[in-house]
Amino acid sequence: MTIPAIRATGLRKQFRSTDGTEVLAVDDVDLTVHPGEIVAFLGPNGAGKTTTVDMLLGLTRPDAGTIEVYGTTPAEAVRQGRVSAVMQTGGLLNDFTVQETVRAIAALHGRSDRVEVVLERARLTELAGRRVEACSGGEQQRLKFALALLPDPDLVVLDEPTTGMDVGSRQEFWRTMRADAAAGRTIVFATHYLAEADEFAQRTVLMARGRIVHDAATADVRAAYGGRTLTFRPPAEVVDPDGIDADWLARVHAALEPLGVTDVDVSAASLESAFLALTTELEGATR
Ligand SMILES: Nc1ncnc2c1ncn2[C@@H]1O[C@H](COP(=O)(O)OP(=O)(O)OP(=O)(O)O)[C@@H](O)[C@H]1O
C-alpha cells in the first residue's frame, strides 16, 4: 500500500486573539491526500486554510490530532526536502537578482545542480539577471515557486499563490504549475477563487469556520454548489438607495412562488457581477 502524501486526523488548533477571546481556527479536520493528487483548499477569509497549511508544513503545532506527511512528521518531511511551499508572506531580498536568489537558496539546500532546472521550470530563465524589486508581483510569485522546487519535493503546498496577480499573470502561473503537476508532483493549494479550484484541482476541499464542509471531486462540488442562478434588473422606479419597494417585491414573490422558485434574494451587486454586467454592456456597445 502506498503511503499517503498527507494524513491528518482530528486536527485542531485554537488561538487566543488580542482581546482575549478564543478562536477555533481548525476544528477536528480529517484529511488524506494521495501522491499525485491536486487538491484545492477553498474557503472564505478566516476559514482555517492557512492554519491547516501551516500545520502541514510543521510551522504550527496542532493542539490535538495528528498529521503525517509521507509517513513522517511535517518537520522531518521538510528537512528531507519531500515537501516545500509557496507562502503568502515571506521575504525575497530586493537587492538580489532572480538568479542570485535561486543560487543562494540552492546552496543552502545543497542543490546547486538544480539552479538552471528550476529557473527554466518557473519560466524565469530570461529574467535571471533582473533585480527582485524590479519584478512584477506575478514574477516574484514564480520566483518563490522556483525556490520551492529546489529540493525536488514530492509535495508542493501553495498558500493563495496568485493573490495580487492580474488575470494574465494568474493564467501564466497556473500553466507553469500544471506542467509541473503533470510530471507527477502532489499539489495542495489554498485559494479564495472558485475558478482556480475549478480549472486546476481534481479535488476540492471546502473549508468554513475551521471545518471541512465538503470534500469531493471538483466536478461534484461544482454540481452541488454551482446551480444556475437567475438574476434580473427591476424597473428603475421601484429602486431607491435603501433597497427595492416592498410592495413590488411582494408581488414578485407571489408571481414566482407558483413556478417553484425559492430563495429569492435581494443583494447589492457583487463586484464580480458588476464587472460582468459592465463588460457585457461595453461589448454590446462596441459591436
Ligand atoms: N496567530 C493567530 N492568532 C490569533 N488568531 C489567529 C491566528 N492565526 C489565525 N487566527 C484566526 O484563525 C482563524 C483562521 O485563520 P486562517 O488564517 O487559517 O484562515 P484562512 O482560511 O487562511 O483565511 P484567509 O483566506 O483570510 O487567509 C481566523 O479567525 C484568524 O483570525
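Per an unreviewed UniProt entry, the chain is named ABC transporter ATP-binding protein, and its organism is Nocardioides eburneiflavus. Checking UniProt for the chain, the heading Subcellular location (unreviewed entry) contains the comment "Cell membrane".

Draft legend 1. Representation of the side chain of glutamate 160. Examined against the element boundaries, glutamate 160 turns out to sit in the loop between strand 6 (155-159) and helix 6 (167-182). Although buried, glutamate 160 forms no salt bridge, and the nearest oppositely charged side chain, lysine 49, lies 4.0 Å from it. Sequence-distant contacts of glutamate 160, defined by excluding residues within four places in its chain, comprise Lys49, Gln88, Gln141, Ala190, Thr191 and His192.

Draft legend 2. Representation of the packing of aromatic side chains in the model. By the definition in use, this model includes three aromatic pairs. Ring centres of tryptophan 174 and phenylalanine 189 lie 4.7 Å apart, and the angle between their planes is 55°; on these two criteria the pair is classed as tilted. Highlighted residues: tryptophan 174 in helix 6 and phenylalanine 189 in strand 7 (residues 186-191), separated in sequence by 15 residues. The pair formed by tryptophan 174 and phenylalanine 189 is uniform in burial state, with each residue classed as buried. An aromatic cluster is built from Trp174, Phe189 and Phe200, whose rings are joined through pairwise contacts.

Draft legend 3. Examining the sheet that holds strand 4 (residues 64-69) more closely. Spatially, three strands are ordered 2-1-4 in an open sheet, and the strand pairing comes out antiparallel. Edge strands, defined here as strands with exactly one partner in the open sheet, are strand 2 (22-33) and strand 4. The mean inter-strand angle of the sheet, taken between neighbouring strand axes irrespective of direction, is 25°.

Analysis parameters
Residues numbered from 1 in each chain as written. Predicted model: local features only at pLDDT ≥ 70, side-chain atom pairs only at ≥ 80, totals over all residues. Heavy atoms only, no water. UniProt positions renumbered as here; feature names shortened; annotations may be inferred. Helix = DSSP H or I, 4+ residues; strand = E, 2+ residues; numbered from the N terminus. Buried < 20%, exposed > 50% of the residue type's maximum accessible area, 1.4 Å probe, protein only. Lys, Arg positive; Asp, Glu negative; His and termini not counted. Salt bridge = Lys/Arg side-chain N within 4 Å of Asp/Glu carboxyl O. Contact = heavy atoms within 4.5 Å. Phe/Tyr/Trp six-rings, centres within 6.5 Å; stacked < 30°, edge-to-face > 60°. Pairing = 2+ DSSP bridges. Axes fitted to C-alpha atoms, helices over the stretch in contact; angles between N-to-C directions.

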